[in-house]
There are 4 protein chains.
Amino acid sequence: MKLLTIYGSSRKNGNSEALTKKVLQQLNPKDVDEIHLMDVHIEPIVDERHTEHGFRPVDDDYEKLAIQIMNHQVLLFSTPLYWYGMSGRMKNLIDRFTQSLRSTEYDFKEKMKGKKMYVIIVGGQSAPYTALPLVQQFQLIAQFMEIEFSGYVIGRGVKPLEVLEDEEAIVQAIQLGKRIRGELK
Amino acid sequence: MKLLTIYGSSRKNGNSEALTKKVLQQLNPKDVDEIHLMDVHIEPIVDERHTEHGFRPVDDDYEKLAIQIMNHQVLLFSTPLYWYGMSGRMKNLIDRFTQSLRSTEYDFKEKMKGKKMYVIIVGGQSAPYTALPLVQQFQLIAQFMEIEFSGYVIGRGVKPLEVLEDEEAIVQAIQLGKRIRGELK
Amino acid sequence: MKLLTIYGSSRKNGNSEALTKKVLQQLNPKDVDEIHLMDVHIEPIVDERHTEHGFRPVDDDYEKLAIQIMNHQVLLFSTPLYWYGMSGRMKNLIDRFTQSLRSTEYDFKEKMKGKKMYVIIVGGQSAPYTALPLVQQFQLIAQFMEIEFSGYVIGRGVKPLEVLEDEEAIVQAIQLGKRIRGELK
Amino acid sequence: MKLLTIYGSSRKNGNSEALTKKVLQQLNPKDVDEIHLMDVHIEPIVDERHTEHGFRPVDDDYEKLAIQIMNHQVLLFSTPLYWYGMSGRMKNLIDRFTQSLRSTEYDFKEKMKGKKMYVIIVGGQSAPYTALPLVQQFQLIAQFMEIEFSGYVIGRGVKPLEVLEDEEAIVQAIQLGKRIRGELK
């Protein structure tokens, strides 16, 4: 059983990535795959649900990523808190799930069902409060997809690597990593 | 004083647009400008805040849109509820505000301060509950920007134009339009 | 099929009651029962779930009210927004549901299941935003009890009867009343 | 500088108390005062703001408790998650703050301003999600009172002392205690 980390940040080595690494360091590296949304090209959805032809193929990396997601039993979404939500890149990815729900090549709903999901969010000093609507959004997404939302950590950090001074977030991330390690066996 | 409607939908003539029109029909057409995010090209942000060079120009329509936004005193954000959040297109736009906050060509914070903001959201049957984290997110955005969040309507509709059967949302939208008409004078 | 309105206010003829009347005026009076929590005596719960004897009878009006609630198919909770939540009186009532869940005299869960629920909240000028956690709380309660949460109206009013100037809330309340009238037939 | 812990539970030695003790064990006992709302008698508010005579004295323990609260610089609210909110006992206490805001014997708003506040909540397995509206409610209360909401821990535990198996909540509580110890110096 493997975990896929999806980094939504639009900056490499940022705070959300640093906090996520505290989780991942508890795991066996061979159990972890990672994808940076900055490294892939995903178009915003064009809603063609109500057209005669339905969704048409899009020339980007989405389908490859969708398959990668379906092939992992555990998903970790890591995002900075941008304007009190997930990054636009991550939202573009999730919006496209709508397209996968209509796919005739695989049963997306069935494949996603029963997965586990974790979320790491890093924002400013008030993130433990202002990130809560985003946690609620992820919870609704999980509920809709019948994914088990098994934990989240909210960290505080704006300046480069500042989150590493947020000791409460760090101990939470490490503890969460220990729990996930047990689950991946 | 003019109102700018920003449509986040990835489909023209969709439910969120139909409900928004119920608001706009109460207004003098010459007081209303509209932009469909489907018709413009906005890249996801690349976070260069912590680089030496700072944000570099991006070859897309963002700056033109930012100026349009600054030039209107009232903003109406209209979005379908995609995965319990605003559309990725709309999120891409708002994420880029971060870039405007660092602009040396205008004082974005100062220009946005004191504007009024309205939000129209259309989702499925449970939208009056599942759209609430999104309303909270808009509220946090408004608070940060010192914009006055003056009203929102949540409608229900999935099939084409189904929202027009949501009589409660319709009367709310009309009533909101009447109030805005008074404010635009 | 009858509707039971439960007023949580600690003041008679207050704003939340006034807005609620706008809903009730759409209904046939013989379909409506009303109870003011100010007029009854309900003790805060004493949690005896984990004692040998379990919950012991309490000398107050709770059981009578619980039976009244079970005997109505539609419940309307009307509360002022006190400190961003329902009134303490209403919370005392709902906390006691825990006791009913353990009752050997009736099957509370079974009786509550499938009922419809409406909520009217009146707070200050920012209530459309600050009342949202309370709406979410009611939604979670409904979900747990398998009650259908079918609508809510949030009004603004602090001074006596000020809510009657909140035209958006008034049209919503009237429209909601019309819908409920249809459902009570 | 001293911390006052206010236990809202309607059961002694319950899960929320057990998790709270993990915080308090990090502190110097002479810096900590504790009050169990089960041990005091606090009436629900009677809203007399709009009467000629205003609020009349109530024959209960509220005023004594209000003075104790004003005399501590740091407040820790500890409550089980009852029906997705704070306990009715705790809500009754907070509702009465409205009365203190009108007191002519002290300036409640001024006395509360600048205090720090912490919150410990224990609920069922889904508490990390279902307790979020309650965290948001506390955040709004803090904002209104100009109190600094400096941290919260959400634990999971229903059976007696089950929360002690929630290792993530335990490490968070200990870490929070360490931070508070530094702040109380």
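Residues numbered from 1 in each chain as written. Chains lettered and ligands numbered in written order. Predicted model: local features only at pLDDT ≥ 70, side-chain atom pairs only at ≥ 80, totals over all residues. Heavy atoms only, no water.

The name given to chain A in an unreviewed UniProt entry is Multimeric flavodoxin WrbA, with Tepidibacillus fermentans as the source organism.

The next thing to look at is the overall build of chain A. Check the secondary structure of chain A and you find seven helices and five strands. Walking chain A from its N terminus toward its C terminus, one meets helices and strands in the order β-α-β-α-β-α-α-β-α-α-β-α. Radius of gyration (C-alpha) of chain A: 16 Å, near the 16 Å computed for a compact globule of 185 residues. Projected onto its principal axes, the C-alpha coordinates of chain A cover approximately 55 × 35 × 25 Å. Taking all 185 residues of chain A together, the buried fraction comes to 63%. In chain A, 78% of the contacts between residues at least 6 apart in sequence involve partners at least 24 apart. Accessible surface for chain A amounts to roughly 7,400 Å². Of this, 48% is attributable to carbon and sulfur atoms. (Helix = DSSP H or I, 4+ residues; strand = E, 2+ residues; numbered from the N terminus. Rg over C-alpha atoms; globule rule 2.2 N^0.38 Å. Buried < 20%, exposed > 50% of the residue type's maximum accessible area, 1.4 Å probe, protein only. Contact = heavy atoms within 4.5 Å. Areas by Shrake-Rupley, 256 points an atom, 1.4 Å probe, with all protein chains shown as cover.)

Taken residue by residue, the interface counts 34 residues in chain A and 34 residues in chain B. Here chain A meets chain B over a buried area of about 3,000 Å², counting both sides, of which 63% is carbon and sulfur. Summed over the shared surface of chain A and chain B, the result is two salt bridges. Notably, a salt bridge pairs Asp47(B) with Arg11(A), separated by 3.5 Å at the nearest N-O pair. In this structure, the connection of chain A to chain B is made through 16 residue pairs in polar contact (both at pLDDT 80 or more). A total of nine residues in the side of chain A that touches chain B trace back to one element, the largest contributor, which is helix α3 (residues 88-101) of chain A. Along the lines of polarity and charge, the residues of the side of chain A that touches chain B split into 18 nonpolar, 10 polar and six charged. (Buried area = accessible area lost by both parts, 1.4 Å probe. Salt bridge = Lys/Arg side-chain N within 4 Å of Asp/Glu carboxyl O. Polar contact = N/O pair within 3.5 Å; in protein donor to acceptor, adjacent residues only side chain to side chain. Nonpolar A, V, L, I, M, F, W, Y, C, P; charged D, E, K, R; others polar.)

Residue and element names in this part refer to chain A. Counting buried residues along strand β5 (residues 148-156), eight of its nine residues qualify, which places the element largely inside the surrounding structure. Pairing of strand β4 (residues 116-123) with β5, which is carried by eight bridges, proceeds in the parallel orientation. Residue pairing for β5: Val119 is matched across the bridge by Tyr152. (Pairing = 2+ DSSP bridges.)

What follows deals with the packing of aromatic side chains. Each aromatic ring pair is summarised here by two numbers: the centre-to-centre distance and the angle between the ring planes. Within the structure shown, the criterion is met by 32 aromatic pairs over all chains. With 6.4 Å between their ring centres and 55 degrees between their planes, Tyr106(C) and Phe108(C) make a pair best called tilted. Phe108(C) matches Tyr106(C) in its accessibility class, with the two residues each being buried. Look at Phe149(C) and Tyr152(C): their rings are 6.1 Å apart centre to centre, the planes differ by 50 degrees, and that puts the pair in the tilted class. Here Phe149(C) falls in the buried class, since its relative accessible area comes to 9%. Aromatic ring contacts, followed pair by pair, group Trp83(A), Phe97(B), Tyr106(B), Phe108(B) and Phe144(B) into a single cluster. Between the NZ or CZ atom of Lys109(C) and the centre of the ring of Phe144(C), over which it lies, the distance is 4.5 Å. (Phe/Tyr/Trp six-rings, centres within 6.5 Å; stacked < 30°, edge-to-face > 60°. Lys NZ or Arg CZ within 6 Å of the ring centre and 35° of its normal.)

End to end, helix α3 (residues 88-101) of chain D covers 20 Å across 14 residues, agreeing with the expected 20 Å (1.5 Å per residue, within 8%). In terms of burial, α3(D) is largely enclosed, as 13 of its 14 residues are buried. (Expected span 1.5 Å × (residues − 1).)

Here we come to the sheet that holds strand β3 (residues 74-80) of chain C. Residues and elements named next belong to chain C. The strand order across the open sheet formed by five strands is β2-β1-β3-β4-β5, and the pairing between neighbours is parallel. Two strands lie at the open edges of the sheet, namely β2 (32-36) and β5 (148-156), each paired on one side alone. The mean angle between the axes of side-by-side strands here comes to 15 degrees, regardless of whether they run parallel or antiparallel. The pairing of strand β1 (residues 3-7) with β3 spans five bridges and is parallel. For Ile6, the partnering residue across the bridge sits in β3 and is Phe77. (Axes fitted to C-alpha atoms, helices over the stretch in contact; angles between N-to-C directions.)

Bringing the packing of α3(A) against helix α3 (residues 88-101) of chain B into the picture now. One way to put it is that α3(A) packs onto α3(B) with a least axis distance of 8 Å and a crossing angle of 175 degrees. Judged by the inter-axis angle, α3(A) sits roughly antiparallel to α3(B). Residue-level contacts link Gly88(A), Arg89(A), Lys91(A), Asn92(A) and Asp95(A) of α3(A) to Gly88(B), Arg89(B), Lys91(B), Asn92(B) and Asp95(B) of α3(B). Residue composition of the contact of α3(A) with α3(B), by class: no nonpolar, four polar and six charged. (Parallel < 35°, antiparallel > 145°, perpendicular 65-115°, else oblique.)

The subject of this paragraph is unusual backbone geometry. All names here are of chain B. A positive phi angle, near 55 degrees, is found at Glu146, a position not held by glycine. Within the secondary structure, Glu146 is located in the loop between α6 (132-145) and β5 (148-156). The exposure class assigned to Glu146 is partly exposed, which follows from its relative accessible area of 44%.

Let us now look at the UniProt feature "domain: NADPH-dependent FMN reductase-like" (unreviewed entry) in chain A. The sites that carry the UniProt feature "domain: NADPH-dependent FMN reductase-like" (unreviewed entry) are, in the present numbering, residues 1-126 of chain A. The span residues 1-126 of chain A shows a helical share of 30% and a strand share of 20%, and its end C-alpha atoms are spaced 35 Å apart. (UniProt positions renumbered as here; feature names shortened; annotations may be inferred.)

On the surface, a cluster of negative charge is made up of Glu43(A), Asp59(A), Glu43(B) and Asp59(B). Tracing the backbone shows Asp59(A) in the loop between β2 (32-36) and α2 (62-70). Of the residues examined, Asp59(A) reaches a relative accessible area of 76% and is grouped as exposed. (Patch = residues over 30% accessible without salt bridge, like charges linked within 9 Å, V, L, I, M, F, W, Y side chains within 5 Å. Lys, Arg positive; Asp, Glu negative; His and termini not counted. Charge placed at Lys NZ, Arg CZ, Asp CG, Glu CD.)

Turning to the relation of the copies chain A and chain B, a few remarks are in order. Each copy superposes on the other: chain A lies on chain B with an RMSD of 0.0 Å after a rotation of 180 degrees and an axial shift of 0.0 Å. Both copies of the chain, as the preceding transformation shows, are related through a two-fold rotation axis. Minimal C-alpha separation from the rotation axis in chain A is found for Pro133(A), amounting to 2.3 Å. A share of 100% of the interface residues of chain A reappears at the interface of chain B, consistent with the copies meeting face to face through the same patch. (Least-squares fit on C-alpha atoms with pLDDT ≥ 70 in both.)

So, on to the sheet that holds strand β2 (residues 32-36) of chain D. All names here are of chain D. Reading across from one edge, β2-β1-β3-β4-β5 is the order of the five strands in this open sheet, with parallel pairing throughout. In this open sheet, the two strands that pair with only one neighbour each are β2 and β5 (148-156). Ignoring which end each strand starts from, the neighbouring axes of this sheet average 15 degrees apart. Contacts from helix α2 (residues 62-70) reach β1 (3-7), β2 and β3 (74-80), with the element oriented near 140 degrees to β1.

This part is about the pattern of salt bridges. All chains considered together, the criterion is met by 60 salt bridges over all chains. The shortest N-O distance in the salt bridge between Glu183(D) and Arg179(D) comes to 3.5 Å. With Glu183(D) and Arg179(D) both in helix α7 (residues 167-184), this residue pair falls four residues apart, about one helical turn. Each member of the salt-bridge network shares a partner with another, and the members are Lys116(A), Glu148(A), Arg179(A), Glu183(A), Arg156(D), Asp166(D) and Glu168(D).

Here is a general trend for soluble globular proteins: nonpolar side chains tend to be buried in one another's company. Within the largest apolar cluster, 180 residues are counted, with the highest numbers of intra-cluster contacts made by Phe138(A), Phe138(B), Phe138(C) and Phe138(D). The residues touching Phe138(C), leaving out its near neighbours within four places in the chain, are Phe77(C), Met86(C), Met90(C), Ile94(C), Met117(C), Val119(C) and Phe149(C). (Core = buried A, V, L, I, M, F, W, Y, C linked by side-chain atoms within 4.5 Å.)

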